[in-house]
Amino acid sequence: MAVGPETISTLHPIKGFRLGTASAGIKKPGRKDLVVMEIPVGASVAGVFTLNQFCAAPVHVAKQHLGSGIASRYLLINTGNANAGTGEAGMRDALACCQALADLKLTDHEAVLPFSTGVIGEPLPVSKILAGLDAACEQLSESGWADAAVGIMTTDTRAKGSSVQIEHHGQTITLTGIAKGSGMIMPNMATMLGFVATDARVDTNHLQLLLRDATEKSFNRITVDGDTSTNDACMLVATGASGIEVNDLDPLLADKFKAALNQVMLDLAQAIVKDGEGATKFVEVRVERAGNTDEALKVGYTIAHSPLVKTALFASDPNWGRILACVGRAGVQDLDVDEVQIWLDDVCIVDNGARAASYTEEAGQAVMNRENILIRVVLHRGDAAESIWTTDLSHDYVKINAEYRS
C-alpha cells in the first residue's frame, strides 16, 4: 500500500558513474539485493550518516574509509541484512566484503564504502555477497539506475528515483538519485539509504556543505514512525564529467545547482513518505509564524508523531481536538493559545484558541477524506516556518512490522 500512483521519473545517466545490480539470495532467492556503484577517478564524494549510537558496522566502515584519504571508487550495497548489532564480527564481515570487491577491481579496500539494510542483529551472509559480486560488476552501466533503485529496496513497495537537468550558458548539468525507505523512518541526518550523483565538478568540502544543507530541508523533515535507523546514510558524488564547475565564483550557477539538488532530495524524501509502511495518506504539517525554527519543528513533530493524530488520519476522522492538544504539549514556552490558528487545507478549524466559528464537520470531513492533506498551524509568534512530511498509522503498518522477520 502506498499513496499516489506508482511513478518514477526518467533517470538520466551520469557520465562516468556506473551501477550494477544482482541477485545474491541474501534473504529471498531471485530478488535483486546487491548493488555495486562505480565512481570515476577524480570524483568528489560526500556523505552523511545516522546519529543512532547503535549505528551499523557498515556505517562505521564507510565513515572510516571516506575519511581515510583514499579516494572512494566503489559503493557496495546489500539488502536483506542490516549488519547492525553484530559487534566486532559485523565489522570484520563489512571489511571482508570491501576487501573482496577491492581485490576484484584491483583497488584499495578503503576505496570501497559498504552499506547494508534489512534485519538487525543477524550475521551478514558474507559468502552470498561475495558470490554475487561478479554478477553485479558484470552489469555495471551508466544506465543502471532503475535496476539499482529496485536492488536497494526492503519493505518498499516501489522504487524511488529523481533526476533533474539544468542549463547554464548552453551546457547541461545532470543530477540523478535513488533512495530506499518505508519504515523505521525519522532520519537524524539523511535518509535510510540514498545515493545521488551529478556530472558537475564540485570541490569536496563544498559538496559536503551542499549535501548537509539539502538533507536538512528534505530527509531531515520526514517521519513515518519516529524511529531513526541504525543504518541511515546518504551519499553525493560529483564526477566532474560535464566539465562545468560549481563554486561561489559563479553565484547564478551555484544557486541553480543548489535548487536542483534540493529538488532531487525533496523528491526522494517525499517518495519515502508516500511509500511509508501501510500508508494511505500523505500529510504535510506546516507550522507558520513560529518564534524560531526549533519552535516550529517541535510543534510539527509533535503532531506528526502523535498516534492519536495518525490514527485519526487513517480513519479520515476530523477529530481536530487531537491536533490542538499536540500544539499545547509541544513545549513552546509562554504559548498564547488565544493567538493560535489551525487549518485543514483551506478549512479553519481553530481560531483564537477555540473552534473556529466558520468550521463545520462536513468541511473538515471533506478534507480528511483526501489522500493528500495539509495540517497548517499558525502560532503568531514570529516569522519562522517549517514543514514536516508524514503519514497516517494503519493496520497494515502493524502487520508489516509484526511479520518483518517471517
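Our structure's up above, just so we're on the same page.
Please read all numbers here as calculations on a predicted model, not as lab measurements.

Caption draft 1: Representation of the overall build of the protein. Each helix and strand in the protein was counted, giving eleven helices and 15 strands. Based on the C-alpha atoms only, the size of the protein along its principal axes is roughly 70 × 55 × 35 Å. Taking all 406 residues of the protein together, 57% fall into the buried category. When the accessible surface of the protein is split by element, carbon and sulfur atoms take 50% of a total near 16,500 Å².

Caption draft 2: Molecular detail of the sheet that holds strand β6 (residues 160-168). The strand order β3-β9-β8-β7-β6 describes an open sheet built from five strands, whose pairing is mixed. Across the chains shown, the open sheet's two edge strands, defined by having one partner strand only, are β3 (44-49) and β6. Ignoring which end each strand starts from, the neighbouring axes of this sheet average 10° apart. Taken together, the six bridges between strand β8 (residues 193-198) and strand β9 (residues 233-238) define a ladder with parallel strand orientation. Bridged to F195 within β9 is M235. Packed onto the sheet, helix α1 (residues 57-66) meets β3 and β9 and runs at close to 145° relative to β3. Across the sheet, helix α5 (residues 204-216) touches β3 and β9, and the angle it forms with β3 is around 35°.

Caption draft 3: Region of the structure containing the pattern of salt bridges. For the coordinates displayed, the defined rule picks out 14 salt bridges. D156 is the partner of K160 in a salt bridge, and the nearest nitrogen-oxygen pair spans 2.6 Å. The pair K160 / D156 is uniform in exposure class, with both members buried. A salt bridge links K160 to D275, with the nearest nitrogen and oxygen atoms 2.7 Å apart.

Caption draft 4: Molecular detail of α5. The end-to-end C-alpha distance of α5, which contains 13 residues, comes to 18 Å, matching closely the 18 Å that a straight helix rising 1.5 Å per residue would cover. Residues H206, L207, Q208, L210, L211, A214 and T215 constitute the buried set of α5. Where α5 is buried, its residues meet β3, β9 and α6 (251-274). Of the residues flanking the start of α5, the one acting as N-cap is D203, its side-chain oxygen 3.0 Å from the backbone nitrogen of N205.

Caption draft 5: Structural context of α6. For α6, with 24 residues, the first-to-last C-alpha span of 34 Å sits near the 34 Å given by 1.5 Å per residue. Restricting attention to buried positions, one finds in α6 the residues L253, A254, F257, A260, L261, V264, M265, L268, A269, Q270, I272 and V273.

Caption draft 6: Structural context of the packing of aromatic side chains. Inspection of the entire model under this criterion finds two aromatic pairs. Taken together, a centroid distance of 5.4 Å and an interplanar angle of 20° make the contact between F17 and W145 stacked. Residue F17 is located in the segment before β1 (18-22), and its partner W145 is located in helix α4 (residues 145-151); the two are separated by 128 residues in the primary sequence. Taken individually, F17 and W145 each receive the classification buried, so the pair is uniform in this respect.

Caption draft 7: Molecular detail of the packing of helix α7 (residues 293-305) against helix α9 (residues 321-329). Two numbers describe how α7 lies on α9: the axes approach to 9 Å, and their chain directions differ by 140°. Looking at the two axes, α7 sits oblique to α9. As α7 packs across α9, the resulting crossing turns out to be right-handed. Contacts from V299, T302 and I303 of α7 reach α9 at I323, C326, V327 and R329. A breakdown of the residues in the contact of α7 with α9 according to their chemical character gives five nonpolar, one polar and one charged.

Caption draft 8: Main features of the sheet that holds strand β13 (residues 354-355). Strand order in the open sheet formed by six strands is β13-β12-β11-β14-β10-β15, and the pairing between neighbours is mixed. Bordering the open sheet on either side are β13 and β15 (384-391), each of which pairs with just one other strand. In terms of strand pairing, strand β11 (residues 341-344) meets strand β12 (residues 347-351) through three bridges, oriented antiparallel. If you follow L344 over to β12, its bridge partner there is V347. Those strands touched by α6 are β10 (282-290) and β15, and its axis lies near 45° from that of β15.

Reading guide: rules and limits
Residues numbered from 1 in each chain as written. Predicted model: local features only at pLDDT ≥ 70, side-chain atom pairs only at ≥ 80, totals over all residues. Heavy atoms only, no water. Helix = DSSP H or I, 4+ residues; strand = E, 2+ residues; numbered from the N terminus. Buried < 20%, exposed > 50% of the residue type's maximum accessible area, 1.4 Å probe, protein only. Areas by Shrake-Rupley, 256 points an atom, 1.4 Å probe, with all protein chains shown as cover. Pairing = 2+ DSSP bridges. Axes fitted to C-alpha atoms, helices over the stretch in contact; angles between N-to-C directions. Contact = heavy atoms within 4.5 Å. Salt bridge = Lys/Arg side-chain N within 4 Å of Asp/Glu carboxyl O. Expected span 1.5 Å × (residues − 1). Polar contact = N/O pair within 3.5 Å; in protein donor to acceptor, adjacent residues only side chain to side chain. Phe/Tyr/Trp six-rings, centres within 6.5 Å; stacked < 30°, edge-to-face > 60°. Parallel < 35°, antiparallel > 145°, perpendicular 65-115°, else oblique. Left-handed = near helix turned anticlockwise from the far one by under 90°. Nonpolar A, V, L, I, M, F, W, Y, C, P; charged D, E, K, R; others polar.

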